[in-house]
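# Fold and geometry: a report
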Amino acid sequence: MGLSRLAALHGVATSYSPSPDVTVSVPDDTVIAVLAALGVDAGTPADVRKCLAAAESRSRLLPPTVVVWAGEPLPPALAGLPPGSTVTVEPEPSDPPGRPAGRPPAPLSMRARAAAPAAAAGEGAVPAPGAPGGAAPASGGTAAEGLTPAWWIAPPHGVHRIHVRTPDNRRATATLVAAPPRVPQPPERTHGFLVQLYSLLSARSWGMGDLGDLADLAIWAGRSVGSGFVQVNPLHAAVPGKPTDPSPYRPSSRRFPDPVHLHIESIPEYGHVRDRATLDDLRQDAAALSEAVLNKGALIDRDAVWELKRQALELVVRVPLTPGRRADYCDFLAEQGQALEDHALWCALAEVHGPDWHTWPEALRDPRSPGTSRARSELLDRVDFHCRLAWLTAGQLAAAQRAAEDAGMGVGIVHDLAVGVHPAGADTWSQQEAFAHGMSVGAPPDAFNARGQDWGLPPWRPDVLAATGYAAYRGLLRGLLAHAGALRIDHVMGLFRLWWVPEGCPPTDGTYVAYDAEAMLAVLVLEAHRAGAAVVGEDLGTVAPGVREALARRGVLGTSVLWFERDWEGDGRPLAPEEWRQDCLATATTHDLPSTAARLTGDHVTLRHRLGLLTRSLEEELTEDTTDTAEWLALLARLRMLPEGDGDEEAAVRAVHRFLRRTPARMTGVWLPDTVGDRRPQNLPGTWDQYPNWRLPIADPEGHPVTLEEITASPRLHALMEVLGPRKPRTAPPGERLP
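Residues numbered from 1 in each chain as written. Predicted model: local features only at pLDDT ≥ 70, side-chain atom pairs only at ≥ 80, totals over all residues. Heavy atoms only, no water.

### What to know about the sheet that holds strand 18 (residues 534-537)
The eight strands are arranged 18-15-12-9-8-21-20-19 in an open sheet whose pairing can be described as parallel. Of all strands in the sheet, those with a lone pairing partner are strand 18 and strand 19 (558-561), marking the two edges. Within this sheet the neighbouring strands show an average axis-to-axis angle of 25°, counted without direction. (Pairing = 2+ DSSP bridges. Helix = DSSP H or I, 4+ residues; strand = E, 2+ residues; numbered from the N terminus. Axes fitted to C-alpha atoms, helices over the stretch in contact; angles between N-to-C directions.)

Given below as C-alpha cells:
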C-alpha cells in the first residue's frame, strides 16, 4: 500500500487497463525501478516509508509551474491562495511592441482579495496601483471559505515568473505559463501530400531527397494541383555512425535539423568555391549515387550521401561570408545560444571520440566540466563548422516554407516531431538531468502487438521539466515551429503519459508515467500561437479516456486513418464519411502502414508472410484482410464513389480519396507514393535488418524508382488529384504539353 501511495505521488501507475474490462497490475520491481529513475529510493519498505513521509509532509504554496489560459477561470493553484496574499509577476525578458528594446520588463503586482462573483482570466480586472498598464494575477481566498477569484488582469502571453507572499510571510516562486486558449487552425479545408523527404529524389539530388526537392514539390503542389500543405518526416539531426541509424524517429537531437538535407548548390557561398575541380568530382560521385538508387536497385545510402556533402561543405565554409550574411549568422548564433553551442560541440567531439558519449573520456561526459570547456576551445573550428551547418539548414528550411506560402499554400510545410531521441545522442548529453536514464519509452501489449514495444528512447523526467519551467521543451518547439506552417506530433498521447520500460526488462514489464498535460499543452499552444502554426497530433493506437477531448479543446487536430475508422463501440462496420470527426488530418495510410495499393491487393499480408511476421496462417490472414477490404469497397460502391466497378486498382485508390474528401476533416493527406501506385511500405514495424526500412525511394507499381519530375508528370497522380479538387488553369511553356 505504501509503495502504491508513493508511486501515485510521483505519477507512476501501479496498474493499467489495456481495455475497459481488463486491469493489469504492474510488477513491484518495475515501480521501484521507475521511482529510482525519478530520484526516489523505494528499494526497501523502510525506504518507502521514509520517502512517503517526506513527500506527504511537503506543503508547496505553488507547484513548480502554473498554467493560466486566457479567458478561462484561474487555476486552483492561484484561486486557492490565502486572502491578502501578494502576487507579483515578473514578465519574461522580451521586447514586445511599445517597449524600447533592451529595457527590462517592469514587474506586475497586486494583493489577493476575497470577493465574488468569480471572474475569468482577463475579465473584470482593475489595475493595481503602480502596475504599468495592469495588474498581475489575483487570487480570491481559500476553498474552505468558499471564496472565488474576484478579478484578474492576465499577463501577456508568455512564460513568466510568479512570486507569492502570504500574510504569514510564506513565500513561493514558480514559472507562470500564460497561454491563449487554442492553437491556430488551418485557414480552410485543404488537402496536401505526405512524404518521407529522403525518398523523394529529383534528377538533381545527391542520392536522397533534400530541402531543394521539398521546396520544388511545394511550389508545384501549390500552383499546379491546389494543395495546401506538404507534410514531411522528422528532419532532426541523426546520430553519426557507420552505418547511421536511418530511422528519422530515433535522432541524436530533436532541437536541430540534420545538414544531410541541405541542397548544396543553393548555398550562396557554393558558387564562390575556388576548388571547382573537387566540387565537380563530388557532384559526379553524387550523380552516381542517384543513378544507383534510381536505376540499379541500390538502397538510399545516407552515410554515402553525407560523406559527399560533408566534403563539399568543408569547401563551402572556407568562402568568406559577405557582411550581410555574416550579420545574419551572428544573429542566428545569438538566438540559438547555449543550446546550439552544446549541439555543435557534441558533433565535434563525436568526430574525435565516436558517436556514443557514454564511451568518451570521463572528463568529456559532462558538458559543463573543465575538461569539456578545454575541448570547446581546442575544437573551436569544428564547433563553428557545425554551427554554420545548422544555420545553413535553418535557412533552407525557411526558404522551403516561404516557397510554399508564395505558391498559395494556406499551411505550407508540416514538420514532424519525433517522440524521443537516441540515448547516445546530443540531446541526452547536453540535457542529462532532464532524461530518465535507464528507462526507455515504448507501448504496452495490445491487440496488435501482444509483446508490447520498446522504442529505445529515454523519456524526459516530468519532475525536471516542471522544475525548469519546461525550458527544454519550449526551446524544442520554438526551433521546430520557426519555419513550419504546422507541426505533427508523433504519439501525441505522450503529452499526457508515456510507457516507461526499465532497462533489461521486456516491454510487458513497463508502466505508465504521467506528465503535467496542462503544462505540456499550454507550452505547445503558446509556441504554436507565436509561430502562427497549426498542430496535428498522431493519436492512433491506445488512447486514454479524455485525451482526444483535451486535445480538441486546445485546437490540436487528430489523425484519422481510413482503415481504422470503424464503429468499434457498435457493429464494427466502417464509419460513413459524415460520422468522421472534423478536427483531424484524414488519410488512407502513414509511413508505418501499407500503401493503399498494397492494402487493396493484399500485398502487405504476403510481404509479412515472406518475412515470417504473421502470427497466424497465411490463409487466415488473407481471409481476414480480404473481408476487411471488401467491406470498405462495398461502402464505396454504395456511396457511388466507385463508378468503375470492381477490379480497377487505380479507380479504387481514387475512390478511397474521394471518400476522404467527403468527410468533414479539415485536412486530407495524400501519401505521395500512393499517387504512383507504390506497393512498398517505407517502414515495416517489427523488422530491423529483414526489411530496408527508411531506405527506399518512391517507386511505381513494379517497384521501379521514380523521380520527382516523373511523379509530378504522372497521369495516375493527376487523375487522383482531380478527385480532391479542380486543377488550377495553367499555360504550358511554348513547345511543351501539360500532363
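### Focus on the packing of aromatic side chains
All told, the structure shown has 13 aromatic pairs when counted by the stated rule. Ring geometry for Tyr16 and Trp499: centres 4.8 Å apart, planes at 75°, overall edge-to-face. You can see Tyr16 sitting in strand 1 (residues 15-19) and its partner Trp499 sitting in strand 16 (residues 497-502), a full 483 residues away along the chain. A residue is classified by how much of its surface remains accessible, and Trp499, at 1% relative accessible area, is buried. Taking 5.0 Å as the distance between ring centres and 40° as the angle between the ring planes, the aromatic pair formed by Tyr329 and Trp391 counts as tilted. Highlighted residues: Tyr329 in helix 8 (residues 323-353) and Trp391 in helix 10 (residues 380-406), separated in sequence by 62 residues. Trp391 shares its class with Tyr329; the two are buried. Among the aromatic residues, those joined into a cluster by ring pairs are Trp563, Trp580, Trp632 and Phe659. (Phe/Tyr/Trp six-rings, centres within 6.5 Å; stacked < 30°, edge-to-face > 60°. Buried < 20%, exposed > 50% of the residue type's maximum accessible area, 1.4 Å probe, protein only.)

### What about empty space enclosed by the protein?
Summed over all chains, the structure comprises four cavities of 30 Å³ or more. If you add up the space inside the largest cavity, you get close to 240 Å³. The wall of the largest cavity is formed by 22 residues, among which Arg254, Val419, Trp460, Gly494 and Leu498 lie closest to the centre. Its residues placed into classes, the lining of the largest cavity shows 17 nonpolar, three polar and two charged. (1 Å grid on protein atoms, 1.4 Å probe; cavity = no way out; pocket = protein on both sides within 12 Å on 5 of 7 lines; lining within 4 Å. Points joined across faces, edges and corners; volume = space filled by probe spheres on them. Nonpolar A, V, L, I, M, F, W, Y, C, P; charged D, E, K, R; others polar.)

### What about the nonpolar core?
Of all hydrophobic cores here, the largest spans 71 residues; its most connected members are Tyr473, Trp500 and Leu524. With 10 residues, the top contributor of residues to this core is helix 14 (residues 517-531). Once you skip the residues sitting within four places of it in the chain, Tyr473 turns out to touch Trp460, Leu465, Leu495, Met520, Val523 and Leu524. Residues Leu397, Met409, Leu600 and Val706 belong to the second largest nonpolar core, which totals 56 residues. (Core = buried A, V, L, I, M, F, W, Y, C linked by side-chain atoms within 4.5 Å. Contact = heavy atoms within 4.5 Å.)

### Quick look at the sheet that holds strand 14 (residues 453-457)
Strand pairing in a sheet relies on backbone hydrogen bonds. The paired strands run either parallel or antiparallel. Overall, antiparallel pairing links the four strands, which are arranged 14-13-16-17 in an open sheet. Edge strands, defined here as strands with exactly one partner in the open sheet, are strand 14 and strand 17 (511-514). With strand direction ignored, the average angle separating the axes of adjacent strands in the sheet is 50°. Two elements, strand 16 and strand 17, share four bridges in a ladder whose sense is antiparallel. Within the sheet, the bridge partner assigned to Leu498 lies in strand 17 and is Val513. The strands touched by helix 2 (residues 28-37) are strand 13 (439-443), strand 16 and strand 17; relative to strand 16, the strand with the most contacts, the crossing angle is about 105°.

### Here we look at helix 9 (residues 370-378)
Within helix 9, burial applies to Gly371, Thr372, Ala375 and Arg376. Mapping the buried residues of helix 9 onto a view down its axis gives an arc of 145°, with all of them on the same face. Seen from the buried face of helix 9, the exposed residues on the opposite side, beyond 90 degrees, are Pro370, Arg374 and Ser377. On its buried face, helix 9 sits against helix 8, helix 10 and helix 11 (426-430). (Arc of directions from axis to C-beta.)

### Re the confidence of the model for the protein chain
Per-residue pLDDT for the protein chain averages 90, and the proportion of residues at 70 or more is 90%. For residues 95-104, every residue scores under 50 in pLDDT, and the model assigns this stretch seven contacts once sequence neighbours within four places are set aside. Counting contacts from residues 110-151, a segment whose pLDDT is below 50, to residues more than four positions away or on other chains yields 113 contacts. (pLDDT = per-residue confidence, 0-100.)

### A closer look at the pattern of salt bridges
Per the counting criterion, the structure on display carries 34 salt bridges. Between Glu644 and Arg654 there is a salt bridge whose closest N-O contact spans 3.3 Å. Of this pair, Glu644 sits in the loop between helix 18 (618-638) and helix 19 (649-662) while Arg654 is found in helix 19, placing the two residues 10 residues apart along the sequence. Judged by its relative accessible area of 35%, Glu644 is partly exposed. You can call Arg654 buried: its relative accessible area is 15%. (Salt bridge = Lys/Arg side-chain N within 4 Å of Asp/Glu carboxyl O.)

### Some points on unusual backbone geometry
Here the bond from Lys242 into Pro243 is cis, since omega is 0°, no more than 30 degrees from zero. With respect to the helices and strands, the residue Pro243 is situated in the loop between strand 10 (236-237) and strand 11 (253-257). Although it is not a glycine, Tyr470 adopts a positive phi angle of roughly 60°. Following the sequence through the fold, Tyr470 ends up in the loop between helix 12 (462-467) and helix 13 (471-481). Overall, the relative accessible area of 2% leaves Tyr470 in the buried class. Phi at Trp694 takes a positive value of approximately 65°, unusual for a residue other than glycine. By the secondary structure assignment, Trp694 is in the loop between strand 21 (667-671) and helix 20 (708-712).

### Overview of helix 17 (residues 603-610)
For helix 17, every residue scored as buried is listed here: His604, Val605 and Leu607. Projected down its long axis, helix 17 carries its buried residues within an arc of 160°, all on one side. Considering only its buried residues, helix 17 is in contact with helix 16 (596-601) and helix 18. Looking one or two places after helix 17, you find Gly612, whose phi comes out positive at around 70°.

### Side note on the environment of Asp603
Within the fold, Asp603 resides in helix 17. Residues Asp603 and Arg679 lie 76 residues apart in sequence; the distance between their C-alpha atoms is 7.4 Å. Residue contacts for Asp603: discarding those within four places in its chain leaves Ala598 and Arg679. Within polar-contact distance, the side chain of Asp603 engages the side chain of Arg679 at 3.0 Å. (Polar contact = N/O pair within 3.5 Å; in protein donor to acceptor, adjacent residues only side chain to side chain.)

### Quick look at the packing of helix 19 against helix 21 (residues 715-724)
Running from N to C, helix 19 and helix 21 point in directions that differ by 25°, and their axes come no closer than 8 Å. By the angle between their directions, the pair helix 19 and helix 21 is classed as roughly parallel. Remark: the crossing between helix 19 and helix 21 carries right-handed chirality. Note on element contacts: helix 21 touches helix 19 through Arg716, Ala719, Leu720, Val723 and Leu724, opposite Glu649, Glu650, Val653, Arg654, His657, Arg658 and Arg661. (Parallel < 35°, antiparallel > 145°, perpendicular 65-115°, else oblique. Left-handed = near helix turned anticlockwise from the far one by under 90°.)

### Comments concerning the pairing of strand 18
Judged by which residues are buried, strand 18 turns out to be covered on both faces: Ala534 and Val536 on one side and Val535 and Gly537 on the other are all buried. Of the pairings in the sheet, the one linking strand 15 (residues 486-489) to strand 18 comprises four bridges and is parallel in character. Bridging from a neighbouring strand, Arg488 pairs with Val536 of strand 18.

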